[in-house]
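# Fold and contact review
Next come the chains, spelled out residue by residue.
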Amino acid sequence: MARIGVTTVQSKQARSRSSRRGYGRSGQQFDSTGSGRWWLGVGGAIVLGWGAMPGLAQTAPQPRMQAASLKSVAPIALPSAASGPMGSESANSDNSELAAELAKASEKSANFGSMGSVSNGSVSNGSEFTGSESLSEADSLLPLSVIAQVAAGAETSTQITVNGRSIPNSWASWARWSENGQTRIGLSDGAIAQLVGADLLDTNAPDRQPIQWFSPMPVTLAARQIGAFRYLDITDWARDRGWQLRPNGSTLDITAAVSTLRALRQGNQAWGPRYVLDFDRPTAVQLEEDGSTLIVALDARSALPPNSSTLDITAAGNRTIIRIPIPSGSRPRAFTLVQPDRLVIDLRPDWLPSRSIAWANGLTWRQQYLSLGSARFPVQWLELNPRQPGLRLRPLPPNAAGQTGIAPLVQTIRQWEAPAGINGGYFNRNTQLPLGALRRDGRWLSGPILGRGAVGWNDAGQFLFDRLQLREQISAGSQNWTLTTLNSGYIQGGIARYTSDWGSSYKTLSDGELGILVQGDRVAQQLTGGPAGSSNFPIPANGYLLVARSLSSVAAALPVGTTVRLQSSSNPSGFDGLPQIVAAGPLMLQNGQIVLDAKREGFSDAFIVELAARSGFGQTADGRLLVVAVQNRVGGRGPSLSEMAQLMRQMGIVNGVNLDGGSSTTLVVGGRIVDRPSRSAARVHGALGIFLNSP
């Protein structure tokens with residue numbers, strides 16, 4: 001089901017599903033299978049966060065805003081929109097100023113694709129429509145109803161209504177603060193893009209954000225970072241458009257004039273179908289992809305004649321919903337025009353507009369196409385400046401109580417109060433257990449497997465990219481045993497170790513396992529398990545649990561009361577001194593050289609040759625950190641591992657590691673998925689959080 005405001009719409013076509021699998025040398029399957037592909041226009045996770053870093057054991061819900069903290073106030077004054085600069089309409093305007101701006105933008109970026117020439121307000125390549133083009137994207141989000149914390153100096157909430165409709169999505173956050181004795185209202189940039197349909201344009205100033213929405217020239221809004229969101233001050237902008245903004249307890253009620261949809265036209269461009277919607281005034285637009293259908297939701301009454309279009313159009317009062325089929329391999333790119341006010345929707349394989357947005361101090365969000373030979377890949381990444389005061393990176397699990405479980409990336413990010421993130425390491429989708437290293441503040445939440453690629457770091461700015469092994473050994477008397485894994489869902493014959501970071505108990509993963517509880521340095525108890533999944537062994541808080549698989553002799557060798565010694569070290573040893581580690585693999589680059597060797601890291605042949613979406617994390621020669629997501633190439637599937645390594649090197653990465661990919665690849669900025677349709681993003685395990693505190 002797709003949620004549009006409070007309207008629930010059932011797609012005519014089921015969402016497609018995709019899967020990706022890999023196998024370790026032992027033959028154990030580990031996979032990441034996701035739901036169908038979805039768009040408007042970011043597994044485990046690499047998460048970016050501002051504000052105090054939450055402790056690993058503390059994931060208390062964010063405090064709700066009370067009515068007493070946001071008292072009902074009179075609506076901010078609004079003149080009629082008809083008297084504003086957008087009130088007049090001229091069907092014959094050539095829109096030459098906008099055309100000139102777009103021509104300049106096209107010269108700056110050759111990666112927009114072939115969009116046709118713009119001259120005197122007309123679009124070439126056989127278009128039947130007049131009016132120059134202005135790129136605009138709107139990114140759809142996973143619906144989440146979460147109340148944000150009350151930030152110092154401002155009051156925030158995720159409860160918003162528009163013309164009486166509740167907006168439940170995670171990007172719909174608002175803030176209120178006082179400035180020069182005046183009340184100011186801010187919407188998160190995700191809400192501006194998703195709720196209104198405005199396009200966020202390039203900016204190198206985090207406190208200024210240009211937008212394009214039914215205007216001949218961009219409008220720049222003041223921006224401020226509060227908690228996990230970047231809020232754009234819409235107080236004056238909304239007033240100029242005839243909107244009323246009324247804080248009502250923890251809810252912001254927005255009342256906007258309802259427009260009329262006067263015409264809907266359809267034609268073809270060189271890249272695919274184009275749809276043009278004509279209005280009598282600017283209107284809020286919400287776009288959502290549901291499988292092969294684009295859902296266009298409008299705060300507009302329909303004046304279209306009955307049976308005037310072959311599209312599925314539902315009109316009820318002041319709300320109109322249009323369903324548009326999406327050609328295979330295409331995605332929507334939408335923009336607005338003026339004189340008359342129009343929404344233009346292109347469905348094209350090269351859907352990604354180039355962008356560079358300084359989202360916060362030390363964090364820039366970028367996106368553009370990169371080419372390898374004739375292949376063009378949509379690449380979106382976060383560029384971090386590790387020299388930014390207060391910047392911290394932390395691995396984060398989706399569940400603070402233990403390592404079992406997976407969650408949508410957006411949910412993990414909101415749980416840790418972080419504004420952005422990318423998926424992290426591998427996991428078993430069936431058991432929902434990790435299959436790779438996750439170490440936080442010196443504690444192994446999950447240990448490495450198969451010597452796979454990893455990155456470790458400390459707060460002094462030291463980073464190590466290499467293949468990681470953890471060597472653990474226990475001894476009792478003259479006998480020694482090398483342990484197979486630590487806190488892992490990867491099953492091997494031998495002895496594995498589990499600590500309280502795994503959880504309070506361990507559920508058997510194979511038949512006939514033997515549990516040996518070690519408290520302090522002595523064996524306290526032995527437990528025998530039945531069939532896989534039928535037994536739970538407690539994990540002592542002051543010790544650990546040893547799990548013997550296919551090794552019955554250990555029962556007699558470690559009776560109750562036996563003293564056990566544990567030794568642990570990493571290889572390379574440089575990882576031992578690094579308190580933060582995330583591993584996935586394969587290792588891609590070291591010292592500027594591609595060192596990809598997936599076979600060595602235990603990946604299957606099928607995994608190695610697979611074409612799929614990819615995620616990566618790397619470091620440039622000057623120390624910048626890049627968090628990278630790459631989706632399907634134009635006219636085809638995502639990059640191979642080799643192509644991903646080449647793309648990362650092309651971006652300037654000299655040390656880098658591959659993260660989980662396929663349906664897990666997801667990039668989130670400001671509470672919204674920006675690189676793919678949110679319905680196609682899989683649940684994931686693990687996270688890498690980046691926190692940026694004020695100095």
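Refer to the structure presented above.
A few points on the structure. (Residues numbered from 1 in each chain as written. Predicted model: local features only at pLDDT ≥ 70, side-chain atom pairs only at ≥ 80, totals over all residues. Heavy atoms only, no water.)

## Considerations on the overall build of the protein
For the protein, the count of helices and strands is seven helices and 56 strands. With an accessible surface of roughly 24,800 Å², the protein has 47% of that area assigned to carbon and sulfur atoms. (Helix = DSSP H or I, 4+ residues; strand = E, 2+ residues; numbered from the N terminus. Areas by Shrake-Rupley, 256 points an atom, 1.4 Å probe, with all protein chains shown as cover.)

## Concerning the nonpolar core
Ranked by internal contacts, the top residues of the largest apolar core, which has 107 residues, are Val-296, Leu-298 and Phe-617. Of all hydrophobic cores here, the second largest spans 16 residues; its members include Ala-476, Leu-514, Val-518 and Leu-558. (Core = buried A, V, L, I, M, F, W, Y, C linked by side-chain atoms within 4.5 Å. Buried < 20%, exposed > 50% of the residue type's maximum accessible area, 1.4 Å probe, protein only.)

## Quick word on the environment of Ala-454
Relative to the elements of secondary structure, Ala-454 occurs in strand β37 (residues 453–457). Expressed as a C-alpha distance, the spacing of Ala-454 and Val-657, which sit 203 residues apart in the sequence, is 6.5 Å. Beyond its immediate stretch of four places on either side in the chain, Ala-454 contacts Leu-464, Phe-465, Asp-466, Leu-468, Phe-575, Ile-581, Val-582, Ala-583 and Val-657. (Contact = heavy atoms within 4.5 Å.)

## Considerations on the sheet that holds strand β51 (residues 614–620)
Judged by pairing direction, the sheet is antiparallel, and its eight strands sit side by side in the order β28-β29-β30-β52-β51-β53-β49-β50 without closing on themselves. Each edge of the sheet is formed by a strand with only one pairing partner; in this case those strands are β28 (355–360) and β50 (593–594). Looking at chain direction, strand β29 (residues 363–372) and strand β30 (residues 375–384) are connected through 10 bridges and run antiparallel. Across the sheet, Ser-371 pairs through a bridge with Arg-376, a residue of β30. (Pairing = 2+ DSSP bridges.)

## Notes on the pattern of salt bridges
Tallied over the full model, the rule gives 28 salt bridges. Residue Asp-236 pairs with Arg-184 through a salt bridge whose shortest N-O separation is 3.1 Å. Residue Asp-236 is located in helix α3 (residues 235–240), and its partner Arg-184 is located in strand β12 (residues 182–188); the two are separated by 52 residues in the primary sequence. Overall, the relative accessible area of 30% leaves Asp-236 in the partly exposed class. Ionic pairing is found between Asp-441 and Arg-394, a salt bridge with its closest N-O pair at 3.2 Å. With a gap of 47 residues between them, Asp-441 in the loop between β35 (438–440) and β36 (443–446) and Arg-394 in strand β31 (residues 391–395) connect regions that are remote in the sequence. The class for Asp-441 is partly exposed, based on a relative accessible area of 44%. The class of Arg-394 is buried, set by a relative accessible area of 7%. (Salt bridge = Lys/Arg side-chain N within 4 Å of Asp/Glu carboxyl O.)

## Notes on the pairing of strand β14 (residues 208–212)
Counting buried positions along β14 gives four out of five residues, so the element sits mostly inside the fold. Pairing between strand β13 (residues 199–200) and β14: two bridges, direction antiparallel. Directly across from Asp-199, in β14, lies its bridge partner Gln-212. Across four bridges, β14 lies against strand β15 (residues 219–226) in antiparallel orientation. Considered in β15, the bridge of Arg-208 is made with Ala-222. Between β14 and the antiparallel strand that follows it, β15, lie six residues; Phe-214 among them carries a positive phi value of about 50°.

## Some thoughts on the packing of aromatic side chains
With the rule as written, the count across this model stands at 14 aromatic pairs. With a centroid separation of 5.0 Å and an interplanar angle of 70°, the aromatic rings of Tyr-498 and Trp-502 are classed as edge-to-face. Considered together, Tyr-498 and Trp-502 belong to a single accessibility category, that of buried residues. What links up through ring pairs into an aromatic cluster is the set Trp-213, Phe-214, Trp-237, Trp-243 and Phe-279. Above the face of the Trp-351 ring, Arg-331 is positioned so that its terminal group lies 4.2 Å from the ring centre. Its end group placed over the ring of Phe-607, Arg-614 keeps NZ or CZ at 5.9 Å from the ring centre. (Phe/Tyr/Trp six-rings, centres within 6.5 Å; stacked < 30°, edge-to-face > 60°. Lys NZ or Arg CZ within 6 Å of the ring centre and 35° of its normal.)

## Quick notes on the sheet that holds strand β24 (residues 312–316)
The strand order β21-β22-β25-β24 describes an open sheet built from four strands, whose pairing is antiparallel. Where the open sheet ends on each side, the last strands, each with one partner, are β21 (285–290) and β24. On average, adjacent strands in this sheet sit at an angle of 15° to one another, irrespective of strand direction. (Axes fitted to C-alpha atoms, helices over the stretch in contact; angles between N-to-C directions.)

## So, helix α7 (residues 641–650)
If you check which residues of α7 are buried, you get Leu-641, Glu-643, Met-644, Ala-645, Leu-647 and Met-648. Backbone geometry just downstream of α7 places Gly-652 in the positive-phi region, at approximately 100°.

## Comments concerning unusual backbone geometry
For the bond running from Asn-571 to Pro-572, omega is 0°, close enough to zero to count as cis. Structurally, the position occupied by Pro-572 is in the loop between β47 (565–571) and β48 (580–583). Non-glycine residue Asn-180 carries a positive phi angle of around 55°. Along the chain, the position of Asn-180 falls in the loop between β11 (174–179) and β12. In this model, Gln-339 sits at a positive phi of 50°, which is unusual for a non-glycine residue. Note on placement: Gln-339 falls in the loop between β26 (331–337) and β27 (341–348). On the accessibility criterion, Gln-339 (32% relative accessible area) is partly exposed.

## Here's the deal with the pairing of strand β46 (residues 543–549)
Burial analysis of β46 places seven of its seven residues in the buried class, which makes it a mostly covered element. In this structure, strand β41 (residues 494–498) lies alongside β46, joined through five bridges in antiparallel fashion. Within the sheet, the bridge partner assigned to Gly-494 lies in β46 and is Arg-549. Examined bridge by bridge, strand β43 (residues 514–519) and β46 share six bridges and lie antiparallel to one another. The residue of β46 that forms the bridge with Gln-519 is Gly-543.

## Points about the side chain of Arg-355
Its location among the elements puts Arg-355 in strand β28. In terms of polar contacts, Arg-355 uses its side chain to reach the side chain of Asp-199, at 2.5 Å. (Polar contact = N/O pair within 3.5 Å; in protein donor to acceptor, adjacent residues only side chain to side chain.)

## Re helix α2 (residues 189–196)
Within α2, eight of the eight residues are buried, which leaves the element mostly enclosed by the surrounding structure. If you check which residues of α2 are buried, you get Asp-189, Gly-190, Ala-191, Ile-192, Ala-193, Gln-194, Leu-195 and Val-196. Gly-197 sits one or two positions beyond α2 and adopts a positive phi of about 95°.

## Quick word on the side chain of Ser-535
Residue placement: Ser-535 occurs in the loop between β44 (522–528) and β45 (536–538). Residue Ser-535 is classed as buried on the basis of its relative accessible area, which comes to 13%. At 3.0 Å, the side chain of Ser-535 and the backbone nitrogen of Gly-530 are in polar contact. In contact with Ser-535, not counting residues within four places along its chain, are Tyr-506, Lys-507, Thr-508, Gly-529 and Gly-530.

## A look at the environment of Asp-576
Along the chain, Asp-576 falls in the loop between β47 and β48. As for Asp-576 and Gly-456, which are separated by 120 residues in sequence, their C-alpha atoms are 9.2 Å apart. Among residues more than four places away in sequence, those in contact with Asp-576 are Arg-439, Ser-569 and Ser-570.

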